Amino acid sequence: MRKTYIFSTLFLFVVSLALVVGDGCKGKSGQRVETEFQFKEKLSDYGFFKGELQKLIPGEGVVSYELSTPLFTDYAVKKRFIVLPKGTAMKYTANGALDFPDSTIIIKNFAYTNTEHQNVMIETRLLAKDPKDKKWKVMNYLWNAQQTDAIKHISGAKIPITLLDNDNNKMLTNYQVPNTNDCKRCHIKNDVLTPIGPKARNLNFTVAGQGENQLQQWAKKGILKELPPITEVKQLPNWADAKHFTLEQRARAYLDVNCAHCHTKGGDAYNTGLFLEYEQTNPDHLGIKKAPVSAGGGAGGLNYDVIPGNAAQSILLYRMNSAEPGVAMPELARTVVHKEGVKLIRDWINSMRK
């Protein structure tokens, strides 16, 4: 009888324990308590891509996207993807990044074109929206020499590479893989980590080779909700498209994408007073005849951020046209001068009325 009692008690304990474990970590109210998101050790562990990993062929539920004006990073070739939890959708927002559901992962891949005109993968950056605290988390993955996988890499790296620019000119540089704190510096606004690129206005165009607007495609597929008529959605100009956009529109779009994530209220460069958002209209905030606040030696002995009609004496162009640490702007994400971007901003400043 005693053995039967002990066995029954033990059996009930095991069943109860199994029920607790199987309950998905529910709280007192019966609601599911989400566990903290954990980054995996290798890119391949996620199963984002099918076939050879370096070809970046998206698997089921992995959505590719492009930006009308992308950030410049040492002439890198970039491929971007969004991974949404099954059965969920993004929500349209008029300003700022789209509203992404919990557990969304945004993938940004970087490669360079070598002298044999082959793309060589360097790094993959992940932004993940943690379902536990609703906050975005960031992680870098560094590709191995065999191009078979990318390994979690927190501390950053400098990688000697020989690349081809847009005119097939050979360039040698030490490509800088940022550490996770560097990533946070650019992605922080008002002390909150947030995506930069995937704003509706940056996505509001028809990708080359496709027959329909990118946002409208997503809405039809059910992965983007609450999209208004496309004519009511703001559009950021393509900085390289002189046929459809004015010089000023293109220059302002370029500065918005490459600079305004820091040069905005709440951004990392807030204390400079130089705010470069596309919508900005205050001449002082745009640096026009404005003395720098904290440029120091980076100003090159020049007196004003922007002097209308005189790009050669404008600090903004001087810093863009340098790759020297302490002078170069942006100070992160590039080690070479973007000559096309420099020409655009030079032409814009020189076109201003004095």
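Above this note sits the structure.
Residues numbered from 1 in each chain as written. Predicted model: local features only at pLDDT ≥ 70, side-chain atom pairs only at ≥ 80, totals over all residues. Heavy atoms only, no water.

## Topic: the overall build of the protein
Rule in force here: For helices the rule is a DSSP run of H or I covering at least 4 residues; for strands it is a run of E covering at least 2, with both sets numbered from the N terminus onward. Each residue is placed in one exposure class: buried if its accessible area under a 1.4 Å probe, protein chains only, is under 20% of its type's maximum, exposed if it is over 50%, and partly exposed if it falls in between. Residue contacts are counted whenever heavy atoms from the two residues lie within 4.5 Å of one another.
Counting secondary structure elements, the protein contains 7 helices and 14 strands. A buried classification covers 46% of the 354 residues belonging to the protein. Taking all contacts inside the protein whose residues are at least 6 apart in sequence as the whole, residues at least 24 apart take part in 52%.

## Quick notes on the pattern of salt bridges
Spelled out, the test is: In what follows, salt bridge is the name for a side-chain nitrogen of Lys or Arg lying within 4 Å of a carboxyl oxygen of Asp or Glu.
By the definition in use, this model includes 14 salt bridges. The salt bridge involving Glu 41 is made with Lys 152; its shortest N-O contact spans 3.1 Å. Here the residue Glu 41 occupies a position in the loop between helix H1 (2-22) and strand S1 (49-50), and Lys 152 occupies one in strand S9 (residues 150-153), the gap between them amounting to 111 residues. Residue Lys 152 is classed as partly exposed on the basis of its relative accessible area, which comes to 25%.

## With respect to the nonpolar core
For clarity, the cut-off: The definition of a nonpolar core used throughout is a set of buried Ala, Val, Leu, Ile, Met, Phe, Trp, Tyr and Cys residues joined through side-chain atoms within 4.5 Å.
In terms of nonpolar packing, the biggest core is built from 33 residues, with Tyr 254, Leu 255, Leu 276, Ile 345, Trp 348 and Ile 349 touching the most fellow members. For this core, the secondary structure elements donating two or more residues are strand S6 (105-113), strand S7 (119-129), strand S10 (157-164), strand S11 (170-177), helix H5 (247-259), helix H6 (315-320) and helix H7 (339-351). If you tally residues by element for this core, the top one is H7, at 5 residues. Non-local contacts of Leu 276, meaning those with residues more than four positions away in its chain, are made with Leu 255, Asp 256, Cys 259, Ala 260, His 263 and Leu 286.

## Comments concerning the sheet that holds S6
Stated formally: Any two strands with at least two DSSP bridges between them are considered paired. Lines are fitted to the C-alpha atoms to define the axes, a helix being fitted only along its stretch in contact, and any angle between axes, read from their N-to-C directions, falls within 0 to 180 degrees.
If you walk across this open sheet you meet the 6 strands as S3-S4-S6-S7-S8-S9, and the pairing is antiparallel. Only two strands of the sheet have a single partner each, and these edge strands are strand S3 (62-65) and S9. Strand-to-strand twist across the sheet, computed as the mean angle between neighbouring axes with direction ignored, equals 30°. For S6 and S7, the ladder comprises 9 bridges, and the chain directions are antiparallel. Looking at the pairing, Thr 113 lines up with Asn 119 of S7.

## With respect to the packing of aromatic side chains
The criterion, for reference: Side-chain rings of Phe, Tyr and Trp, where Trp is taken by its six-membered ring, are said to pair if the distance between their centres is within 6.5 Å; with planes under 30 degrees apart they count as stacked, over 60 as edge-to-face, and otherwise as tilted. Placement of a charge over a ring requires the Lys NZ or Arg CZ to be within 6 Å of the ring centre, with the centre-to-atom vector within 35 degrees of the ring normal.
Tallied over the entire structure, the rule returns 8 aromatic pairs. Plain terms: the ring middles of Tyr 46 and Tyr 141 are 6.0 Å apart, the flat faces sit at 80° to each other, and that makes the pair edge-to-face. One end of the pair, Tyr 46, is in the loop between H1 and S1; the other, Tyr 141, is in strand S8 (residues 136-143), and 95 residues separate them in sequence. Judged by its relative accessible area of 0%, Tyr 141 is buried. Clustering of aromatic rings is evident, with ring pairs tying together Tyr 46, Phe 48, Phe 49, Phe 81 and Tyr 141. Note that Lys 40 overlies the ring of Tyr 46, its terminal NZ or CZ placed 5.8 Å from the centroid.

## What to know about the environment of Leu 126
Relative to the helices and strands, Leu 126 is located in strand S7. Residue class for Leu 126 comes out buried when judged on its relative accessible area of 1%. Taking the C-alpha atoms as reference points, Leu 126 and Trp 136, 10 residues apart in sequence, are found 9.9 Å from one another. Beyond its immediate stretch of four places on either side in the chain, Leu 126 contacts Phe 39, Tyr 46, Phe 48, Ile 105, Ile 106, Ile 107, Lys 137, Val 138, Met 139 and Tyr 141.

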